[in-house]
Amino acid sequence: MKGRTTAVLLVAVVALGAMAGVAAADGQLDVAVDKDADGTSTVAVTDNGTAVENATVNVSVVDAENESYAGAGEYETDANGTVELPAPEEDVTVNVTATADNETASADGVLLEAPDGLELDVEDTDGEPVVTVTDNDTAVENASVNVTTVDENATYVGTGDYETDENGTVSLPAAEEDVTVNVTAEYGNESVSETVEIEAPDGLELDVENTDGEPVVTVTDNDTAVENASVVVALADDADENASYAGTGEYETDENGTVELPAADENVTVEITAEYENETVSTTVDLTTGEEADEEQPFGLQVKEFIESLQDREGGIGAAVSDFVTENNPGNAPDHAGGPGGPDDADDEDADAENESDAPGNAPDHAGPDGDDGERGPPDHAGPDGDGDDADDADADEGDDADDADDADDADDADDADDEEAEEDEAEEEDDEDDEDDDGGPPDHAGGPGGN
């Protein structure tokens, strides 16, 4: 009985030993590295989730030839099972190994990043600049900010000393003119500076497009479209006293900062004024009907554009082009211009009528056998019985009269020749497509054999 009891006790002891061995086998050392925002790191050593005090921690640089780290070396964990590592001066990769009770755990290839430190950033430099100060990417409250101009002769109303708010920011006023400044931030024992170009904002501006059609007014403030800005359109002070424009009046810009105006019925000068938040801007604009531009455009280009506008037309375009050329050809003289049937011709015809007896081929009434006396030979007052002096005077007077008549005839003939030459030039300027409307031969009033 006693032997049996001993055997049972031995089995129980063996069983308990086996259980303790399992528990020991379940124990596991672990090491972790927690990196903080300021660049420092915390190494934690645990065994089955329990902090291990006095564990040995070794930190080594992976690429010792090219990198260095002031925190490399051997440490011992505190009561919390932790070791604090310093922030690196530059990014470095390390291996961390922990040893406790003959157990070892490692964290290899851990990248330790150098902290960003104190930094400042300046935004909205073309408006009201905002300075932001951070330390390791965290906003810094109560940091000191100093602003000075680079050029001592330059001026900027924002120069001076500031202190950051809870968001680590300082708002500066807009520059009245472009200026370069130095911005310096200080916090703790650190400082950082930056040189910044501050641009004067464009402010309220207006632009007018399509002035020869339906004008569009666009209002912007610092290059941003302004909604609900007031726009007033009025005739300019130097506009013609009889000028008028249907688009005068007051408008309000839409969400795109624009106002659409009606097209001008006649060329007119208007003044457009935009107002928004105590700012005002004005401009004077010439609105045109667009007709002058069309008249100044070369006729060949007008024809080309007309043909291009017919590209999608079904069927031929010849008839349409012919009509366009006929109606718009600058060679077509207006009704009041000189030429066949015109007022100038009427005057010429009257002049021709007065001098038609002088036209080539028409002899004067007193010449030849059809004269008033029906006789050939010298006039009645000629001959030996006449007074010599009187005859000489009469001959001289008749010679003068004849010269005057010849001069008048020559002037009339020159006028007729000029008229004919002008008409011929106009005929030559006619477009080929107008040939069907031309009449052959000289005009009815032209002189010459068989003429009127």
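See above for the structure.
Below is a summary of the structure that appears in this document.

The rules behind the values
- Residues numbered from 1 in each chain as written.
- Predicted model: local features only at pLDDT ≥ 70, side-chain atom pairs only at ≥ 80, totals over all residues.
- Heavy atoms only, no water.
- Helix = DSSP H or I, 4+ residues; strand = E, 2+ residues; numbered from the N terminus.
- Contact = heavy atoms within 4.5 Å.
- Buried < 20%, exposed > 50% of the residue type's maximum accessible area, 1.4 Å probe, protein only.
- Pairing = 2+ DSSP bridges.
- Axes fitted to C-alpha atoms, helices over the stretch in contact; angles between N-to-C directions.

**Description of the side chain of Thr-220**
Then, in step 1: Position of Thr-220 among the secondary structure elements: in strand S18 (residues 216–221).
Then, in step 2: Not counting residues within four places of it along the chain, the set of residues in contact with Thr-220 comprises Gly-203, Leu-204, Glu-205, Ala-225 and Val-226.

**Regarding the side chain of Thr-82**
Then, in step 1: Of note, Thr-82 is situated in strand S6 (residues 82–85).
Then, in step 2: Among the residues examined, Thr-82 registers a relative accessible area of 18% and is labelled buried.
Then, in step 3: Setting aside anything within four residues of it in sequence, one finds Thr-82 in contact with Thr-42, Val-43, Ala-44, Glu-76 and Thr-77.

**Structural notes on the sheet that holds strand S21 (residues 249–252)**
Then, in step 1: Judged by pairing direction, the sheet is antiparallel, and its four strands sit side by side in the order S21-S20-S23-S24 without closing on themselves. Strand pairing shows two members of the sheet lacking a second neighbour, S21 and strand S24 (279–287), which therefore form its edges. Across the sheet, the mean angle from the axis of one strand to that of its neighbour is 20°, orientation sign disregarded.

**Topic: the sheet that holds strand S4 (residues 56–61)**
Then, in step 1: An order of S5-S4-S7-S8 is seen for the four strands of this open sheet, with the pairing classed as antiparallel. Of all strands in the sheet, those bounded by a partner on one side alone are strand S5 (73–76) and strand S8 (103–112). Each neighbouring strand pair of the sheet contributes to a mean axis angle of 20°, computed without reference to strand direction.
Then, in step 2: Where S4 lies against S5, four bridges are found, and the strand directions are antiparallel. Each residue of the ladder has a partner; that of Val-59, found in S5, is Gly-73.

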